[in-house]
Structures are given as C-alpha cells and as structure tokens.
Amino acid sequence: MAKRLVFLFVLFPYFVAVAQGVSGSWSVELDLLPSVGLSSSSLSLSGEWPGWTLSGTGYWLGTDGWVWQELGFSGAAFDTLEVDWTFLFGPLAPAFLYSLGTLSFSYGGADFTVYSAMVGPNVPGYFFSGGPSGGLVIVVDTDLEGISLSSETGFGARLSPFTITYTGAATYTRTYPVDPFPGGLRFTYQKFSMVGIPFCCDISFEASLAFNKEEGFESLALTARNVFPICCDISFDIGVTFTTAGKSVWASPKLEGVGEACFELYLDLESSGGENSDLFLEAIRVDGWKLRYELADCNYLEIVTFLSPEHAPDYGYEFEAGEFEYIELGFCGPACCGGDYAFSATAYFRPSGALFGLSRIVAALSFPLAETAELELNLVAGPGGVTALSVGWTVSF
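Residues numbered from 1 in each chain as written. Predicted model: local features only at pLDDT ≥ 70, side-chain atom pairs only at ≥ 80, totals over all residues. Heavy atoms only, no water.

Structural notes on the state of the cysteines
Here is the idea: a disulfide is a covalent bond, and it sits between the sulfur atoms of two cysteines. With the rule as written, the count across this model stands at 1 disulfide. Shown here is the disulfide that connects Cys298 with Cys332, its sulfur atoms set 1.6 Å apart. An S-S torsion of about 65 degrees defines the bridge between Cys298 and Cys332 as right-handed. Placement of the pair is Cys298 in the loop between strand 21 (279–296) and strand 22 (299–306) and Cys332 in strand 23 (residues 325–334), with a sequence separation of 34 residues. Take Cys332: its relative accessible area is 22%, and that puts it in the partly exposed class. (Disulfide = S-S within 2.5 Å. Helix = DSSP H or I, 4+ residues; strand = E, 2+ residues; numbered from the N terminus. Buried < 20%, exposed > 50% of the residue type's maximum accessible area, 1.4 Å probe, protein only.)

What follows is the structure, encoded as structure tokens:
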C-alpha cells in the first residue's frame, strides 16, 4: 500500500504539469505570538486535461510537516453527468483516509445528486470514527407547481460533517460534508423538504421532516415567511425546529431596503420518568438565544447569550470555561486591485470580572495586496494584552 501511495504522489504532479492551463496558489500562516514559527502552509496545483480538471493540494502544518494530501478530478461524462471526486491521504503514514465523490445529472424534470463517501482504516497519528466503511446519499430536487420538493436518502452515509483528526506535535482536523457509517450500503435515514408552499397574502411555508432507521423521528423544521405584515414594508419570517435533543424558535423581522434581523430562541424540555414508567414533562428550559442583524452579506452584528453554557454545543456553539456570551461584528467592502477586504471581531464574556467580564477578543482581517496576493492577520487578546498573533498570505498564479 505504501509503495502505491508513493507512486501516486509522484505520478499525479506529472499529469498536472503536462496538463493545459496550469494554475495554483501558495498559502502560508506564521505565528508571531506567543512564539515565532510556521503555523501552516499549503500548495495547490490544478490543470486542464481534455474535458477534465486535475487538482492536488498538500498541507504542511507546524513542526509536524506534511500532514494532509488531497487529490481530485472533476469534469463531465457522457455530456450529461457532472463528476467531482476528492481523495484525502495521510502521507506521514502513508495511507488512504477518505474519499468523496459527487455525481450530478437531470432526468424527467428532476435534478439528481449522488454522494459517495468512503473512509479508510485507522492508521497511526490519524483518528476518526467508523472506518473502514462507505456509503451513498441520494438527493432528488424537483418543482411541483411552484413548490420546491427535495428528498434526501442515506444508505450507509449521511449529509453531516465528518472530521478526521491528526495528532502529532499539535492537533489538526479536516472536515468533509458527508459522513460514512459502519455497516455498508444499508438504509440509514430519510429526509423530506418542501419550500414555497403558497398561502394567501404573499405568505409561504417551508417544512422539513427527517427520520432514521435506529431511532425513528429525528427532526421537524417549520418556517413561515412574510407573516404579520405591518406598515412601512415591515414583515416577519418565523420558524421552529424540533429535535430529540431540544427545540429552537426564531423570528426574523424584515424592513425593505434596510436590512434583516433574526432572533433565535433555544429551548428544551425538562422531564422525568419514562422507560416503562410514567413520563412527566416538568418544565420548558430556556438555554439561550441569538440576535443577528445584517445590513449586507457580510456586514452584521451578532449577539449570542446562553443561560446554560454547558448546553451550547447542542446548538453548535463553543465557549471556553466560564464564558456564556459573545458579541461579534463583521464588515467587508471594496479594496484595491478589484478585491474586497473583510474584518470580524468577536468579544467573549464571563459573568463577572474586569471590563464587564471580558474574557477574550478574537479578530481577523484580510485584504488584497494585488490581483493575485492577499494578506491576512489574526489576533487573540485578553484583559492582560495580546496572547496570540499570526500573519498569513496567499499568492495565486
């Protein structure tokens, strides 16, 4: 196996080199604080082969060196089938880690997308769950009298993040959108969605229902758009999502031409009993909420507060010890050379302490230096000063 991988790594750059229209990029991130050193570097190459695009990206991370290697190809087969395939290898082992293929085509007025994911066996240094295994996810999208219908069926895989972790001198992760499960090509889950269900007065509804083979019900999401219209072109979108872990409720007021706000409330039920005994629903627990106001695509203000920070991961949030709230600002706009700058700053808070309980500030700034070069700065600071600082750049060719 090792000899085959070495042969593949040597042969693939040759195909890219002789392909037409070779392009690529080189990215570097350097740590300046708390110590100076290489944080990461990546080199990407791609080239056109008759009807196909070949690509490869190598990742060098800190003092661990060459940790990840991605190879891929994409193109059209038989003029109707779009193909995109990515392979991930661990060159330090060396070993095959993961592959993700996407096949897209249209038939009978419906759009079909088939995802094929496979994960290899665990190897030293690389850690993930479920290997070796593989599976498929089939997504079908169509329209029925203005209503968008979608079906998502998993056979040994599902459309959810799958993370591979490498642990050496430091820890690094790679995340992909399809998670293959152990057990092979067996029915795993089904999800149905409907968007644009018409109602009177420009109101429309959306619904999404998911269930799996093991537990049955998984989630139900309901959304109503353009409800409660009042004066001055103000209306609301509202929605609720039920899962086996909890419930979230959100409302998004919209003011035509000014921006859009969204309020989400995170709830769960407190219960006792069950398991062959009486089940008592005792209370509704409010875990937290989010308020987000968007003036444009990347100009926004977001405030997230948790009354129960230990439940924040259930809703996709991560706080450090003692933190319960963050306020984030984001801005973007045109910069030199036809590019855009982007800036974000996030302040995390604890219930008490100096500066209103400020725990840390995380900030990131990126802006173009030329048409083919971009600079990025990242900073982490606490009440005592700057604790981490890095600078990076990307050069395209």
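Observations regarding the side chain of Ser359
Structurally, the position occupied by Ser359 is in strand 25 (residues 358–370). Leave out the neighbours within four places in its chain, and Ser359 touches Glu323, Tyr348, Phe349, Arg350, Gly382 and Pro383. (Contact = heavy atoms within 4.5 Å.)

Brief notes about the nonpolar core
Among the nonpolar cores identified, the biggest contains 24 residues, and Trp68, Leu97, Tyr98, Tyr126 and Ile164 are the most heavily contacted of them. Of all the elements in the fold, those that place two or more residues in this core are strand 3 (52–61), strand 4 (65–77), strand 6 (95–107), strand 7 (110–119), strand 9 (133–144), strand 12 (162–167) and strand 13 (171–176). In terms of residues, this core owes the most to one element, strand 6, which gives 4 residues. Ile164 has contacts with Trp68, Leu88, Leu97, Tyr98, Phe127, Phe128, Tyr172, Thr173 and Arg174, leaving out every residue within four places of it along the chain. Counting residues in hydrophobic clusters, the runner-up holds 8 residues, among them Tyr266, Phe306, Ala312 and Phe319. (Core = buried A, V, L, I, M, F, W, Y, C linked by side-chain atoms within 4.5 Å.)

Re the sheet that holds strand 8 (residues 126–127)
Strands sit in the order 8-12-13 across an open sheet of 3 strands; the sheet is antiparallel. Each edge of the open sheet carries a strand with a single partner, namely strand 8 and strand 13. For strand 8 and strand 12, the ladder comprises 2 bridges, and the chain directions are antiparallel. Looking across to strand 12, one finds that Phe127 is bridged to Thr165. (Pairing = 2+ DSSP bridges.)

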